[in-house]
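One letter stands for each residue in the lines below.
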Amino acid sequence: MNVLGLNAFHGDASAALFADGQLVAAIEEERLNRIKHWAGFPNLAAAACLNGTDRNEIEHVAISRNPFAHLGRKVLYAAARPASWQRSLSRVANLAQVARLSADRPGTILSELKRARVHKVEHHRAHLASAFFASPFEEAAVVSIDGFGDYSSVQWGVGRGNRIDLLGSVLFPHSLGILYTAFTQFLGFPKYGDEYKMMGLAAYGVPRFAPQIRQIVRTEAGNTRLDLNYFTHHSQGVKMTWDGCEPTSGNVFSRKMLEVFGDPRAPRTEITARHADVAASVQAVLEENYFALLNHVYHRTGQKALCLAGGVALNCAANGKIFEQTPFRDIYIQPAASDAGTSIGAALSVWHERLNRPRSFVMRHAYYGPEYSDREIHAELETAGVAYRRLSEAELVDTTAAQIAAGKVVGWFQGRMEFGPRALGNRSILADPRRNDMKDLLNSRIKHREHFRPFCPSILAEAVSDFFETSYPSPFMVTAYRIKGDRLRDIPAVTHADGTGRLQTVDREFNPLYWKLIRRFGDITGVPVLLNTSFNENEPIVQTPAQALDCFLRTRMDVLAIGPYMLLKSENPPGGRASARAGLQSREVAAL
Ligand SMILES: [Fe+2]
C-alpha cells in the first residue's frame, strides 16, 4: 500500500512516498523549482517521488495541515479582535487553499490520483509523527516545537509502538520560535529561515541582555508565555514577501522592542559587539526555556529517550546541551526536522494512527532524493564539452582525498540527494578542516557567507570520541558538541567561536563511499574529518548533474567529483567553452 505525504502551502513544501510503511523517496520542492523555502503546492516534488509508480496505486495522500484544527479557538480569537480582520484575510485564504485540497483538485497532481483518499494531519501531529515513528525507539517522549503551525507552537507527549498520546501543547500567540524569529529580524536577518545566522552570531557575544529578555518570555510547567507587547504577529499577522528567489517574513517585533533594545540593525550593515551580545542573550534565554520544557516533559513522561522535531529543534547549539541539561539518555532528531519533514510525518501518522499498521521503518539516513546514473552524468559532461576523466572507485577516493589534503576545494556529487536542509556527503562541497584560512577561502571563492557562520565537520563515527567531548551519534548535523581542548588546533576550520562543532558522524553502513573518502583523508593526514558544506553558491542545494556542473564552472571550486568522473578547474578554465554553456544553463535555471 502506498501513502504519499505532502507539506503543502507551508514553508519548505515537500513530498514523501511510503510503500508498505517504508520510505521510498522524499524531496523538497525548492530543489526542483529552485526557489528557496518554496511555500506553494509541491507538484514537482510529488511527481519526482511518484516517478515509476502507477498513479492508480496511490491509495492515500496525507497532507501535513489541518485548517480545522483548533477552529473554535481561532474563531474566538478573531472575534475578540475585529480590527485585525482585514489583516487576517491572507491567512484565511491560505487555510482555504489547504481545506480545498482533495483527490480531484485540478491543477495539482492530486487530480491524477484517482483512487487516493486525502487525509489532513495537523501540522504538529505530523512533526511528532516524523520524530517518533521514524525513530528507532519503541517508546519515547516526543516534542514538536516551532514558530507556528495550525495554531500551535509546541505539542508534546509519549510515543508507544504505533501510537502517540498527546499530553501538552502551547497555542497561538505564544511561541519560542516567534521569540527567536523576532530577534533574528531585529538583528537585520529578514529572510525566512535566517534563524541559524543569529545562532551562529551568538557564539561571539556575551549574554548581557538576558535579564531583559527573560522579562519577555517564560516557560513553566510546559507552558510558554510571551509578553505580547514586544510582538506584532498576533495583531498584524505575518506577511510573507518574495525577494527574487528568497522569501522574507514581515517583522514580528513591535516598537516596544526598540525602546528596550535600541535601534534594530539594518540588513547588510556592520555587525557590532552589541548585536553579538543580543544574539548571545536570546540564545541563552531560548536554551533556558527549551530545557525547562524538556525537563517538564521528562518528569511527566518518565521516558529516557527523546524525539524532537520542528524548526526550534534545529537549534544545534541547544541540542548539544540536552544531555547536560536534562536527564534524557537517548535522542533522535530526524534529518528533516524542519517543516519539510512533515510530509514524512503526515504519511507516517496516516499509516500508523489511521490505518493501524505496525512500526517497521527507521530513518537512519537522509538519502531519499533523486539520483543519476553514470550514463546520465556522462551525457551531461559531453553536452557541456568539459574536460573530465573516469576513475575507479578506489582512484576516485584516493585522488579526491589527496586533492583535499593539498588544500583544494572539491564539489562532491554522489548517489541520492539528501532530504532535509543539510548536505550530508552526497551533495557537498568538501575541504581541509586543518587549515586556518579555509573558512575565509571558501567564503571568498564560493559561499559568500557572513564571517560569523561556522562550517561543519563530517567525522568517521568511530573517531568521534577522539575529537569531541560527547560521542553520542549525530548523523544529521543537528547537534553541536564541544571539541576536545587538545584537538582544537587540529580542525580550526570547523571549530566555532565557542569551541564547538556541528558534526555529522558518518557511519560506514549508511554512506560507504563518503566513509571511505574520510577514512582515506585520515590515512593521509591523521585527521579523519572533512569540512562539509552544502553544494551550492547562493541557491537551493544543487540537485542535478547540470546544476552541479554549472556551480563548479561559475565558482572558484578546484575539483568536481561527480559520480565516477573527475573534473579539474585547471583543465576547465573560466571563460572556456563549457563556462559559456554554464552561463546559459544558469540563466535557464533562473527562468524556471
Ligand atoms: Fe513547523
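Thresholds applied
Residues numbered from 1 in each chain as written. Predicted model: local features only at pLDDT ≥ 70, side-chain atom pairs only at ≥ 80, totals over all residues. Heavy atoms only, no water. Helix = DSSP H or I, 4+ residues; strand = E, 2+ residues; numbered from the N terminus. Rg over C-alpha atoms; globule rule 2.2 N^0.38 Å. Buried < 20%, exposed > 50% of the residue type's maximum accessible area, 1.4 Å probe, protein only. Contact = heavy atoms within 4.5 Å. Areas by Shrake-Rupley, 256 points an atom, 1.4 Å probe, with all protein chains shown as cover. Lys, Arg positive; Asp, Glu negative; His and termini not counted. Charge placed at Lys NZ, Arg CZ, Asp CG, Glu CD. Donors = N, O, S within 2.8 Å, 3.2 Å for Na, K, Ca; no water. Tetrahedral: all angles 85-135°; square planar, octahedral: opposite > 155°, others 65-115°. Pairing = 2+ DSSP bridges. Axes fitted to C-alpha atoms, helices over the stretch in contact; angles between N-to-C directions. Salt bridge = Lys/Arg side-chain N within 4 Å of Asp/Glu carboxyl O. Parallel < 35°, antiparallel > 145°, perpendicular 65-115°, else oblique. Nonpolar A, V, L, I, M, F, W, Y, C, P; charged D, E, K, R; others polar. 1 Å grid on protein atoms, 1.4 Å probe; cavity = no way out; pocket = protein on both sides within 12 Å on 5 of 7 lines; lining within 4 Å. Points joined across faces, edges and corners; volume = space filled by probe spheres on them. Polar contact = N/O pair within 3.5 Å; in protein donor to acceptor, adjacent residues only side chain to side chain. Phe/Tyr/Trp six-rings, centres within 6.5 Å; stacked < 30°, edge-to-face > 60°. Lys NZ or Arg CZ within 6 Å of the ring centre and 35° of its normal.

It is worth spelling out the overall build of the protein chain at this point. Scanning the protein chain for helices and strands turns up 21 helices and 24 strands. Taking 25 Å as the expected radius of gyration for a compact globule of 592 residues, we find that the protein chain reaches 23 Å, a close match to that expectation. When the backbone C-alpha atoms are referred to their principal axes, the protein chain occupies close to 70 × 60 × 45 Å. Expressed as a percentage of the 592 residues in the protein chain, the buried residues total 60%. A fraction of 71% describes how many contacts in the protein chain between residues 6 or more apart in sequence connect residues 24 or more apart. A total of about 22,400 Å² of accessible surface is found on the protein chain, and carbon and sulfur atoms cover 50% of it. Taking the 68 positively charged and 60 negatively charged side chains of the protein chain as two groups, their mean positions are separated by 4 Å.

At 2.1 to 2.3 Å from the iron ion lie its protein donor atoms, namely His 123 (NE2), His 127 (NE2), Asp 146 (OD) and Asp 339 (OD). Coordination at the iron ion is irregular, judged from the 4 donor atoms that bind it and the angles of 88 to 165° they form at the metal. Its relative accessible area of 10% is what places Asp 339 among the buried residues.

Turning our attention to the sheet that holds strand β2 (residues 14–19). Read from one edge of the open sheet, 5 strands run β3-β2-β1-β4-β5, paired in mixed fashion. Each having just a single partner strand, β3 (22–28) and β5 (117–120) make up the two edges of the open sheet. Averaged over all pairs of adjacent strands, the angle between their axes in this sheet comes to 20°, without regard to strand direction. As defined by bridge partners, strand β1 (residues 2–7) adjoins β2 across 6 bridges and the pair is classed as antiparallel. Bridge pairing in β2 links Val 3 to Phe 18.

As a working rule, side chains carrying opposite charge can pair if their charged atoms are close by. Counted according to the given criterion, the structure contains 27 salt bridges. Between Arg 55 and Glu 112 there is a salt bridge whose closest N-O contact spans 3.0 Å. Within this pair, whereas Arg 55 is found in the loop between α2 (43–49) and β4 (58–63), its partner Glu 112 is found in the loop between α4 (89–99) and β5, the two being separated by 57 residues in sequence. Put simply, Arg 520 and Asp 523 hold a salt bridge, and the shortest N to O gap is 3.9 Å. Of this pair, Arg 520 and Asp 523 are both found in helix α19 (residues 512–525), 3 residues apart, which corresponds to roughly one turn of the helix. Asp 523 sits in the exposed class, given a relative accessible area of 53%. Sharing partners across several salt bridges, the network here consists of Arg 34, Glu 537, Glu 539, Asp 550 and Arg 554.

What follows concerns the pairing of β4. For a regular strand, side-chain orientation follows a simple rule: the groups alternate between the two sheet faces. Of all 6 residues that make up β4, 5 are buried, and the element is covered over most of its length. Across 5 bridges, β1 lies against β4 in parallel orientation. Bridge assignment links Asn 2 to a residue of β4, and that residue is Ile 58. Relative to β5, β4 is paired through 4 bridges, and the arrangement is parallel. Counterpart to Val 61 in the pairing with β5 is Val 118.

Before going further, it helps to examine the packing of helix α6 (residues 176–186) against helix α7 (residues 195–202). Packing of α6 against α7 leaves a shortest axis separation of 9 Å and a crossing angle of 75°. In terms of axis orientation, α6 runs roughly perpendicular to α7. Contact with α6, carried on its side by Tyr 180, Thr 181, Phe 183 and Thr 184, involves Glu 195, Met 198 and Met 199 of α7 and no other residues of that element. Grouping the constituent residues of the contact of α6 with α7 by class yields 4 nonpolar, 2 polar and 1 charged.

The next point concerns the sheet that holds strand β15 (residues 389–390). Judged by pairing direction, the sheet is mixed, and its 8 strands sit side by side in the order β15-β24-β23-β16-β17-β22-β18-β21 without closing on themselves. Each edge of the sheet is formed by a strand with only one pairing partner; in this case those strands are β15 and β21 (504–506). Two strands pair when backbone bridges link them, and strand β18 (residues 456–460) and β21 are joined in this way by 3 bridges, in the parallel orientation. By the bridge assignment for β21, Ile 459 is matched with Thr 505.

The subject of this paragraph is the layout of surface pockets. Over the atoms rolls a probe the size of a water molecule, and in doing so it shows where empty space is left. By volume, the second largest pocket amounts to about 530 Å³. The wall of the second largest pocket is formed by 29 residues, among which Pro 473, Ser 474, Pro 475, Phe 476 and Thr 505 lie closest to the centre. Those elements that place two or more of their residues in the lining of the second largest pocket are β14 (330–333) and β21. The residue makeup of the lining of the second largest pocket, split by class, is 20 nonpolar, 7 polar and 2 charged.

Now for the packing of α7 against helix α11 (residues 273–301). Viewed as axis vectors pointing N to C, α7 and α11 meet at an angle of 105°, and their least axial separation amounts to 7 Å. Comparing their axes, α11 and α7 come out roughly perpendicular. For the pair formed by α7 and α11, the contact residues are Met 198, Met 199, Leu 201 and Ala 202 on the first element and His 275, Ala 276, Ala 279, Ala 280, Val 282 and Gln 283 on the second.

A few words now on the environment of Arg 445. Relative to the helices and strands, Arg 445 is located in helix α17 (residues 438–447). On the basis of relative accessibility, which here comes to 19%, the residue Arg 445 falls in the buried class. Considering only alpha carbons, one finds Arg 445 and Thr 555, 110 residues apart in sequence, at a separation of 6.6 Å. Contact partners of Arg 445, with chain neighbours within four places excluded, come to Val 409, Thr 555, Arg 556 and Asp 558.

Our focus in this paragraph is the side chain of Asn 162. Among the secondary structure elements, Asn 162 is positioned in the loop between β7 (152–160) and β8 (163–171). At 3.1 Å, the side chain of Asn 162 forms a polar contact with the side chain of Asn 356. Ignoring any residue separated from it by four or fewer positions in sequence, one finds Asn 162 in contact with Phe 133, His 352, Glu 353, Asn 356, Arg 357, Pro 358 and Arg 359.

This part is about the packing of aromatic side chains. One pass over the full model with this rule turns up 16 aromatic pairs. Ring centres of Phe 132 and Phe 133 lie 5.5 Å apart, and the angle between their planes is 55°; on these two criteria the pair is classed as tilted. Here Phe 132 and Phe 133 have matching classes, each one buried. Here a set of aromatic residues connected by ring pairs shows up, and it is made of Phe 183, Phe 186, Phe 209, Phe 253 and Phe 261. Stacked on the ring of Phe 132, the Lys or Arg Arg 359 has its end atom at 4.4 Å from the ring centre.

Along the chain, Glu 29 turns up in the loop between β3 and α1 (30–33). Given a relative accessible area of 3%, Glu 29 falls into the buried group. Considering only alpha carbons, one finds Glu 29 and Phe 41, 12 residues apart in sequence, at a separation of 8.3 Å. Excluding residues that lie within four positions of it along the chain, Glu 29 makes contacts with Ala 13, Ser 14, Arg 34, Trp 38, Phe 41, Pro 42, Asn 43, Leu 44 and Ala 45.

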